[in-house]
Amino acid sequence: MADDDAIALDGFLDEETVPGDLHGSTARFRLTVSPTDERADEMILPCSVTDSELAHAVIHDLVPGDKLRVTGYLRLPRTPDEPMWLVVSTLAVLETAPELSDPAAVATAVIERYGPYVCWFDADTTDVEVFTEGGTWVGTAPEPNDLGELLEAFEHRQAASGEQ
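Rules used in this analysis
- Counting restarts for each chain, with residues numbered from 1 along the sequence as it is written.
- Residues qualify for local features only when their pLDDT is at least 70, as the model is predicted, and side-chain atom pairs are given and counted only at 80 or more; totals for whole chains, interfaces and linings, by contrast, use all residues.
- With hydrogens and water excluded, all non-hydrogen atoms of the structure serve as input to the side-chain values.
- Any two strands with at least two DSSP bridges between them are considered paired.
- Secondary structure elements follow DSSP: runs of H or I no shorter than four residues count as helices, runs of E no shorter than two count as strands, and numbering proceeds from the N terminus.
- A cavity here means a set of points on a 1 Å grid, drawn over the protein atoms and nothing else, where a 1.4 Å probe fits but cannot get out; a pocket is an open set with protein on both sides within 12 Å along at least five of seven lines, and a residue lines either one if it has an atom within 4 Å of a point.
- Grid points are joined across faces, edges and corners, and a volume is the space filled by probe spheres set on the points.
- When residue character is reported, Ala, Val, Leu, Ile, Met, Phe, Trp, Tyr, Cys and Pro are called nonpolar, Asp, Glu, Lys and Arg charged, and the others, Gly included, polar.
- Multiplying 1.5 Å by the residue count of a helix minus one yields the expected span of that helix.
- Exposed residues in this analysis have more than 50% of their type's maximum accessible area, buried residues have under 20%, and partly exposed residues fall in between, with area computed by a 1.4 Å probe over protein chains only.
- Here the arc refers to the set of directions running from the helix axis out to each C-beta atom.
- Working rule for contacts: check all heavy atoms of both residues, and any pair within 4.5 Å makes them a contact.

Caption draft 1: How the structure looks around the pairing of strand 10 (residues 137-141). For strand 9 (residues 128-132) and strand 10, the ladder comprises four bridges, and the chain directions are antiparallel. Residue valine 128 lies in a different strand from strand 10, and its bridge partner there is alanine 141. Two successive antiparallel strands, strand 9 and strand 10, enclose a turn made up of four residues, where glycine 135 displays a positive phi of approximately 100°.

Caption draft 2: Quick look at the pairing of strand 5 (residues 67-75). With six bridges joining them, strand 1 (residues 7-13) and strand 5 adopt antiparallel strand pairing. The residue bridging alanine 8 from the neighbouring strand is threonine 71, located in strand 5.

Caption draft 3: Representation of the layout of surface pockets. Empty space within the largest pocket amounts to approximately 1100 Å³. Lining the largest pocket are 34 residues, and of these Pro64, Gly65, Ala97, Pro98 and Ile111 lie nearest its centre. At the level of elements, strand 1, strand 7 (109-114), strand 8 (117-122) and strand 9 are the ones that each hand at least two residues to the lining of the largest pocket. Per element, the largest residue contribution to the lining of the largest pocket is six residues, and it comes from strand 7. Residues that form the lining of the largest pocket fall into these classes: 17 nonpolar, six polar and 11 charged.

Caption draft 4: Structural detail: helix 3 (residues 147-161). Helix length check: helix 3, at 15 residues, gives a terminal C-alpha distance of 21 Å against a target of 21 Å (1.5 Å per residue), a fit within 8%. What helix 3 keeps buried is the set Leu147, Leu150, Leu151, Phe154 and Gln158. Projected down its long axis, helix 3 carries its buried residues within an arc of 95°, all on one side. The exposed set on the far side of helix 3, more than 90 degrees from its buried face, consists of Glu149, His156, Ala159 and Ala160. Packing partners of the buried residues in helix 3 comprise strand 7, strand 8, strand 9 and strand 10.

And the structure:
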């Protein structure tokens, strides 16, 4: 394929990377791509790396939550039972995932992205702390089911104040 056929996508590493073969000379991972920050437009794209040096870096250096820019070629399915994936030729880490200072909290908490929002779910409480991806405090929802109301109220406040 020609170099101008390659596509570039920005997204977040969805989960741990895995070796694509027994020797670790290839790698696979899933990239969460959200071009418009609307949850309906979000997709999870399987990716594969066949370059052994890049595969080593993917397996050993990346962590879930890293923001990546990948360039490669989209492999479309030829039959209904084949998957679609991106064959990655280059990869750049745009932002590293935030490190959590308390290792015990990692086992009992989860960070989830909802478009431009980051939610902290703690297993010890029903409260959900919400921030924008830029780090602005949105608020705390008393229950996960109350997230919609919290985000809607925040967006109304932002619109009323003229902020984006």
